[in-house]
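Survey of secondary and tertiary structure
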Amino acid sequence: MKRVGILTAGGDSPALNATIRGFGKSAIGEYGMELIGFRDGITGLVENRYSHLDGKALSGILTVGGTILGTSRDKVHKFPTPDGPVDMVPTVVKNYEEASLDALIMLGGGGTARNALRLVDAGLNVIHLPKTIDNDIAHTDTTFGFATALEIATEAIDRLHSTAHSHHRIILCEIMGHRAGWLTLGAGIAGGADIILLPEIPYTVASVAETIRERTRRGSTFSVVAVAEGARDVSDTADYDAAQMLVRNAKTPEAQRAARAHLSNVEHSQREHTFTLAKELEAATGLEARVTILGYVQRGGTPSAADRLLATRLGTAAADLVAAGESGYMVAARGEGTEPVRLKEVAGKVKLVPHDHDWLAAARKVGTGLGD
Ligand code: F6P
């Protein structure tokens, strides 16, 4: 009988429980495996905190938001301790061996893919399942959590339209996604936002304001702007990119500390960018502007039908891989099926919105401003 561990890591998202259930029901029911769940992501793996997951524990969780296992953003090779970050890979290897595990299933985003690869390189049998509302994991069509967040953000934009219209206001709706704009772009198109601003396309206030003025000239005295959390204007983008470059090029520990401190100052100064943009647009258009930050609402609650379906497909495909003795893969969604992709192809990569992507072309064709 195979004994398998499972954990959820990184920021939570809808359909984590649906994926645990998909894997677990198939692993136990179809393949007769034994399942244990580590608590709070990498933290529980390092601290050896786990419990047995049987059919009863997996029952009734398909529709439940969050994760029954808990999660954290800890990194296995830089685990926080009172004496500073410590490489806990050897501890995890010891815990894995002592628990007599045959495989470990890690549900998470880009950071989790990197942690998973570190454990594969240390000799563990790991399978990664791609979760994130950002949809920014390479080599998979989509990630679980995204479809639900897309519904939530779209509904928010729908609702903001009527109040923007009533008050003749500009409403800026800030949507999660600090590096990738998939969620903002998808919800912006589906919700009919007048302007969509993404991290991948630095905007100018002049361009955004002109789109709004043009709408006013054509008789629409309101505008809805979907703004990604990581969208920046051209000059902030240049400052941010330069600060990131400093971090990448810093050679000594002192230079690295100074570069990181500079980057964090730049990030701090740009944190309220949606509010800054609202003020700038008021000044440029003469219309009142308001900001709505969707925040963690996008990550909470019941997963959509599309996410439950994806979670069940990915989870059961992972059980098939473990049963076949495979390891070192992420299970990707590919068309209507799934496909194992080597973790080393995935880890460290981010899937951004390409400038020639169909969704961008479609947005432009229906007259949506992209701020460029
Ligand atoms: O990576 C998913 C995500 O939801 C991002 O869109 C967002 O920037 C980030 O997590 C926020 O994470 P935290 O839970 O650490 O505040």
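Conventions used here
Residues numbered from 1 in each chain as written. Predicted model: local features only at pLDDT ≥ 70, side-chain atom pairs only at ≥ 80, totals over all residues. Domains from an automatic or database assignment. Contact = placed C-beta atoms within 7 Å. Nonpolar A, V, L, I, M, F, W, Y, C, P; charged D, E, K, R; others polar. Axes fitted to C-alpha atoms, helices over the stretch in contact; angles between N-to-C directions. Helix = DSSP H or I, 4+ residues; strand = E, 2+ residues; numbered from the N terminus. Parallel < 35°, antiparallel > 145°, perpendicular 65-115°, else oblique. Left-handed = near helix turned anticlockwise from the far one by under 90°. Core = buried A, V, L, I, M, F, W, Y, C linked by C-beta atoms within 7 Å. Buried ≥ 20, exposed ≤ 12 C-beta atoms within 10 Å, placed from the backbone.

Next up on the list: the domain arrangement of the chain. Segmenting the chain into domains produces domain 1 (3-144 + 303-345) and domain 2 (150-299 + 354-365). Put simply, the middle of domain 1 and the middle of domain 2, counted by C-alpha atoms, are 32 Å apart. The interface is formed by eight residues belonging to domain 1 together with nine residues belonging to domain 2. In terms of residue class, the side of domain 1 that touches domain 2 is built from one nonpolar, four polar and three charged.

So, on to the packing of helix 6 (residues 146-167) against helix 7 (residues 182-190). Two numbers describe how helix 6 lies on helix 7: the axes approach to 8 Å, and their chain directions differ by 50°. Accordingly, the angle class assigned to the pair helix 6 and helix 7 is oblique. Judged by the sense of rotation from one axis to the other, the crossing of helix 6 with helix 7 is right-handed. Here Phe146, Ala149, Leu150, Ala153, Thr154 and Ile157 of helix 6 lie close against helix 7, whose contacting residues are Trp182, Leu183, Gly186, Ala187, Gly188 and Ala190. Its residues placed into classes, the contact of helix 6 with helix 7 shows nine nonpolar, three polar and no charged.

This part covers the nonpolar core. The biggest cluster of nonpolar side chains holds 102 residues, and the ones touching the most others in it are Ile105, Cys173, Ile175, Leu183, Val225, Val227 and Ala318. Considering each element in turn, this core owes the most residues, nine residues, to helix 6. There are two domains that each give this core at least three residues, and those are domain 1 (3-144 + 303-345) and domain 2 (150-299 + 354-365). If sequence neighbours within four positions are ignored, Cys173 has contacts with Ala156, Ile157, Leu160, Val224, Val225, Ala226, Val227, Thr292 and Leu294.

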